[in-house]
Amino acid sequence: MNPVSRVRRIALLGPVVLLAAAVAFVAQRPLHHRAGWQPWLGTVNAAVFWSLVALPLSAGLVWVLARRRGDRGWGRSFAEVAMVHGTVPWVWMILLPGPGAGVAPRRVSLLPLRDLYEVLTQGTPVTAVVQIVGNLLVFAALGFFAPVRFRALASVPRMLALGAACSVLVETAQYVLWLDRVSSVDDVLLNATGAGLAALASRRWWAR
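Residues numbered from 1 in each chain as written. Predicted model: local features only at pLDDT ≥ 70, side-chain atom pairs only at ≥ 80, totals over all residues. Heavy atoms only, no water.

Student: Please explain the layout of surface pockets as it appears in this structure.
Tutor: To find the voids left in a structure, one rolls a probe of water-molecule size over its atoms. Estimates place the volume of the second largest pocket at around 680 Å³. Every residue lining the second largest pocket is counted, 23 residues in all, and those nearest its centre are Val130, Gln131, Asn135, Arg181 and Asp187. Mapped onto the lining of the second largest pocket, the elements with two or more residues apiece are helix H6 (88-94), helix H7 (114-122), helix H8 (125-137), helix H10 (156-176), strand S2 (182-184) and helix H11 (185-201). Counting residues per element, the lining of the second largest pocket draws most heavily on H8, at five residues. Residue composition of the lining of the second largest pocket, grouped by class: eleven nonpolar, six polar and six charged. (1 Å grid on protein atoms, 1.4 Å probe; cavity = no way out; pocket = protein on both sides within 12 Å on 5 of 7 lines; lining within 4 Å. Points joined across faces, edges and corners; volume = space filled by probe spheres on them. Helix = DSSP H or I, 4+ residues; strand = E, 2+ residues; numbered from the N terminus. Nonpolar A, V, L, I, M, F, W, Y, C, P; charged D, E, K, R; others polar.)

Quick look at the structure:
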């Protein structure tokens, strides 16, 4: 890497680090309101906070992997770490237990588009946006970076299938672990769609 490129990357990294620190500061404030470990591990704010705190560790891992692979290993190393770092927090949030975990009846929704219809017609616009966009983003990092790293996954249908398979595993875990969440086929459809759309967005960088 030439010195000019290095300076540019450092200059771009500064605002990103500052933004991550600002979001982490905002996310951690509600975590102090209750005692114990649960607010720090079992809330959405905790997932956001720790994912931002882990950014320097992920960046260091990219550097270590790339140094071992040589100059051509930066892209592969970044894609590997990014797909994990961008997916784990979402899965963490999905697997957070609800208030009736272990007590409320397990719920399964296997009729396609029923839950999505209810969210759009009965929920508030904010709830609909959060539900739909959130589900689209769950495996977006996987869909974006997996085709960049692995030639065998450089295909939209394959990423749709992989996103659907990962989503089925998560929805099954919600049911088996009795988390007071609805295991819904609509979540699988949205998760898979998000992975496919993200794969399309990264098409110019797919592994050849």
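There is more to say after this.
Student: Mind showing me how you'd approach the packing of H8 against H11 here?
Tutor: Helix packing geometry: the angle between the two helix axes and the distance between the axes. At their nearest, the axes of H8 and H11 sit 6 Å apart, and the two run at 55° to each other. The angle between H8 and H11 falls in the class oblique. Judged by the twist between their axes, the crossing of H8 over H11 is right-handed. From H8, Ile132, Asn135 and Leu136 reach across to H11, where they touch Asp187, Leu190, Asn191, Thr193, Gly194 and Ala195. Taken together, the residues of the contact of H8 with H11 break down into four nonpolar, four polar and one charged. (Axes fitted to C-alpha atoms, helices over the stretch in contact; angles between N-to-C directions. Parallel < 35°, antiparallel > 145°, perpendicular 65-115°, else oblique. Left-handed = near helix turned anticlockwise from the far one by under 90°. Contact = heavy atoms within 4.5 Å.)

Student: Looking at this structure, I do not really get helix H4 (residues 55-69). What am I missing?
Tutor: Because each turn of an α-helix spans 3.6 residues, side chains separated by three or four positions end up pointing in the same direction. In this model, H4 (15 residues) spans 21 Å end to end at C-alpha, consistent with the 21 Å of a helix rising 1.5 Å per residue. Close packing links the buried residues of H4 with helix H5 (74-85). Downstream of H4 by a residue or two, Gly70 has a phi angle that is positive, lying close to 95°. (Expected span 1.5 Å × (residues − 1).)

Student: Can you walk me through the side chain of Asn135 in this structure?
Tutor: Looking at where Asn135 falls in the secondary structure, it is placed in helix H8. Judged by relative accessible area, Asn135 falls into the buried class, the value being 11%. Those residues in contact with Asn135, other than ones at most four positions away along the chain, are Val130, Asp187, Leu190 and Asn191. (Buried < 20%, exposed > 50% of the residue type's maximum accessible area, 1.4 Å probe, protein only.)

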